[in-house]
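# Chain and residue survey
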Amino acid sequence: MDIGILDIKGALPLFEDFGNLPTKIIDEKNYKEIRDLLALIIPGGSLVESRSFPEEIKREIIDFDGYIIGICSGFQILGKRVDVGRKSHPKIIECLGLLDVEFSPLVCTDRVKFKINNKVFGSGIGEGFHCHTYGNIKILDKKTEVLTVSEVEKLNYKINKKEIISGAFKGKVFGTMVHNFLDNLFIRDNFLNYLNITDEEREEIFEKNKLIKEELKKRALIYKINKKYENNGVKKKRGILILSTSSNSGKTFLTTAIVSKLCGKVFVAKIGGDVRDIVPSLYLIREPMTKYNSIRIGKSGWVSVEEFVDFIKNSNYDYIIIEGVMGAFTGAMKGISSYQIARKLNFPVYIVATCNLSGIEGAFVEALSYYFILKDILDVKGIILNRVYDFNLFEKLKNLAENYGVKLYAVEKVDEKNIPEIEIDYESFCLNASKLNINIEIPEIEIKLNEEEDNFLLSVEKFIRRLL
Ligand SMILES: NC(=O)CC[C@H](N)C(=O)O
């Protein structure tokens, strides 16, 4: 008897290990095999927002009488409906209705401890992480019960330490917002014991799981987009950190675009806790979300710069792409800005400025001042103007910049329908990002902590003096 993992558009079947339990891939072609499964795992992703969940698979899931375990987006789709109107009026998407649960916007990207007390999965305290926009759960009917309660620190970007309902179940249908739920050994083992799986069968499950993980990896969108993509880390490590002059500069779209052009084993990380920003990249290359994918800044994020550096040093990635948070200097006077993390990490940087705020001219001037302030203390590789709407103007600026050794790149303005802050459909977001024409150098990096003191005010003063 197999344990299925659903692999449809918008799904993240390698985002976590799911206890190494899945033994069969279920997709648009073989969905009729759901009925023969012992259990079906529905992974996270953009299953609701994509609005592309195939009707015939929905029906098969509704009729299925085995165990169903939905994680995050996989949980949402099992509920009654999700209100995805985060920055607008309610926008309701109807779901399967196997659990009497309704979801509405609540952002959380914390690593958490959760409580569980359940006859199938056992009792205790587990660990995992949240990574969602629509995580406010309302249980509508007494037949649906609480499965997990998470201890969170931050909700909707604000410190708010409390316990929230993070999972629900009814009969054999289970859902939780907690990623890594099944990766908690006591949960996985309780489940296997409950199903009377013998030791021999367990080994068989884990063996089969290794094979389907390889198969899932081969199905990553990146292989369709980038024919040269390979996934064996051998070369010398290269990397960049993407800084910008402001938030909403299109960093996430750009990061995804850059990742789509690389050939090799890629690690993508985010400065700060909002790991939702790197999910498109992870979707593209089908890499898991681990604690190392978020670098702590101030109180936000998962691992310290030191832990991150140790991890990268001992890894076999060819490329390390890090997305900054907010503007490069935001928080600098408190010592908690993206450029200061870049400096500590000893990473080369690009500066992104968006042209939709003060025009291509304003973006250029602003980025130039960032460039020259940072140049003394960091390896600044160039400026990327994003959302460029006039290439004649751009060429003139580019020539001017080149006269002074400043490399200027342009990314054309595209219709970015979905951004990770609001609704996102990972498949189309990644496809669109991969069409961006961007070709920047990713230099070799020396992975070594830089412990030198940093003084923001002094750097700015030097810059002013140079201008006078
Ligand atoms: N990680 C996920 O599965 C995300 C679920 C969903 N896209 C949300 O943001 O709420």
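Residues numbered from 1 in each chain as written. Predicted model: local features only at pLDDT ≥ 70, side-chain atom pairs only at ≥ 80, totals over all residues. Heavy atoms only, no water.

An unreviewed UniProt entry annotates the chain as Cobyrinic acid a,c-diamide synthase of Methanocaldococcus villosus KIN24-T80.

## Focus: the sheet that holds strand β14 (residues 167-170)
The line we're drawing: At least two DSSP bridges between two strands are needed for those strands to be called paired. Helix and strand definitions here come from DSSP, where helices need a minimum of 4 consecutive H or I residues and strands a minimum of 2 consecutive E residues; each element is numbered from the N-terminal end. The criterion used for residue contact is that any of the two residues' heavy atoms lie within 4.5 Å. Angles run from 0 to 180 degrees between N-to-C directions of axes, and those axes are lines fitted to C-alpha atoms, restricted for helices to the stretch in contact.
As summarised here, the arrangement of the seven strands in space is β2-β1-β3-β4-β15-β14-β11, forming an open sheet in which the pairing is mixed. Looking at strand neighbours, the two that pair on one side only are β2 (24-26) and β11 (145-146), the edges of this open sheet. Together, β1 (3-6) and β2 form the strand contacts of helix α4 (residues 199-218), whose direction differs from that of β2 by roughly 45 degrees.

## Considerations on the site of the ligand
Note the following rule: To be near a molecule or strand, a residue needs just one of its heavy atoms within 4 Å of it. We call two N or O atoms a polar contact when they sit within 3.5 Å, provided that within protein one can donate a hydrogen and the other can accept it, with sequence-adjacent residues counted only if both atoms are side-chain atoms. Areas reported as accessible are Shrake-Rupley estimates using a 1.4 Å probe. Residue values count occlusion only from the protein chains shown. The nonpolar class holds Ala, Val, Leu, Ile, Met, Phe, Trp, Tyr, Cys and Pro. Asp, Glu, Lys and Arg form the charged class, and all remaining residues, Gly among them, are polar.
In the region of the ligand, the neighbouring residues are Gly44, Gly45, Glu49, Cys72, Ser73, Gln76, Cys131, His132, Thr133, Tyr134 and His179. One of the side-chain nitrogen or oxygen atoms of glutamine 76 is found 3.0 Å away from an oxygen atom of the ligand. Protein chains bury 98% of the 300 Å² of accessible surface belonging to the ligand in isolation. Residue classes in the shell around the ligand are distributed as three nonpolar, seven polar and one charged.

## Regarding the domain arrangement of the chain
The line we're drawing: Throughout, the edges of the domains are those of an automatic or database domain assignment. Here the buried area means the combined drop in accessible surface, using a 1.4 Å probe, for two parts upon being joined, counting both sides. When a carboxyl oxygen of Asp or Glu is within 4 Å of a side-chain nitrogen of Lys or Arg, the pair counts as a salt bridge.
Considered domain by domain, the chain is made up of domain 1 (3-219) and domain 2 (222-467). One C-alpha centre belongs to domain 1, the other to domain 2, and the line joining them spans 32 Å. Listed as interface residues are 34 residues of domain 1 and, on the opposing side, 28 residues of domain 2. Buried area between domain 1 and domain 2, both sides added, is near 2,500 Å², and the carbon and sulfur share of it is 52%. For the interface between domain 1 and domain 2, the tally reads two salt bridges. Residues aspartate 7 and arginine 286 are paired through a salt bridge, measuring 2.5 Å at the closest nitrogen-oxygen approach.

## Digging into the UniProt feature "domain: CobB/CobQ-like glutamine amidotransferase" (unreviewed entry) in the chain
The following threshold applies: UniProt positions are given in the numbering used here, feature names are shortened, and annotations may be inferred rather than shown by experiment.
Sequence positions flagged by UniProt for "domain: CobB/CobQ-like glutamine amidotransferase" (unreviewed entry) are, in local numbering, residues 36-184. This span, residues 36-184, is 10% helix and 44% strand, and a straight line between its end C-alpha atoms measures 26 Å.

## A word on the pairing of strand β19 (residues 319-323)
Put simply, the test is: Working definition: with a 1.4 Å probe on protein chains only, accessible area under 20% of the residue-type maximum means buried, over 50% means exposed, and in between means partly exposed.
Within β19, five of the five residues are buried, which leaves the element mostly enclosed by the surrounding structure. Sheet analysis places strand β16 (residues 238-244) next to β19, joined by five bridges and oriented parallel. Paired with leucine 241 across the strands is isoleucine 322, a residue of β19. In the sheet, strand β17 (residues 266-271) pairs with β19 via five bridges, with the strands oriented parallel. Note on β19: the bridge partner recorded for alanine 269 is isoleucine 322.

## A closer look at the pattern of salt bridges
Under the defined criterion, the tally for this structure stands at 33 salt bridges. Note that aspartate 100 is salt-bridged to lysine 80, the shortest N-O span being 3.1 Å. With aspartate 100 in the loop between β6 (92-94) and β7 (101-104) and lysine 80 in the loop between α2 (73-78) and β5 (81-83), this residue pair connects regions lying 20 residues apart in the sequence. Aspartate 100 gets classed as buried once you look at its relative accessible area, which sits at 8%. Residue glutamate 207 is joined to lysine 210 by a salt bridge in which the shortest nitrogen-to-oxygen separation is 3.2 Å. Pair noted here: glutamate 207 and lysine 210 are both in helix α4, with a separation of three residues, about one helical turn. Judged by its relative accessible area of 49%, lysine 210 falls in the partly exposed class.

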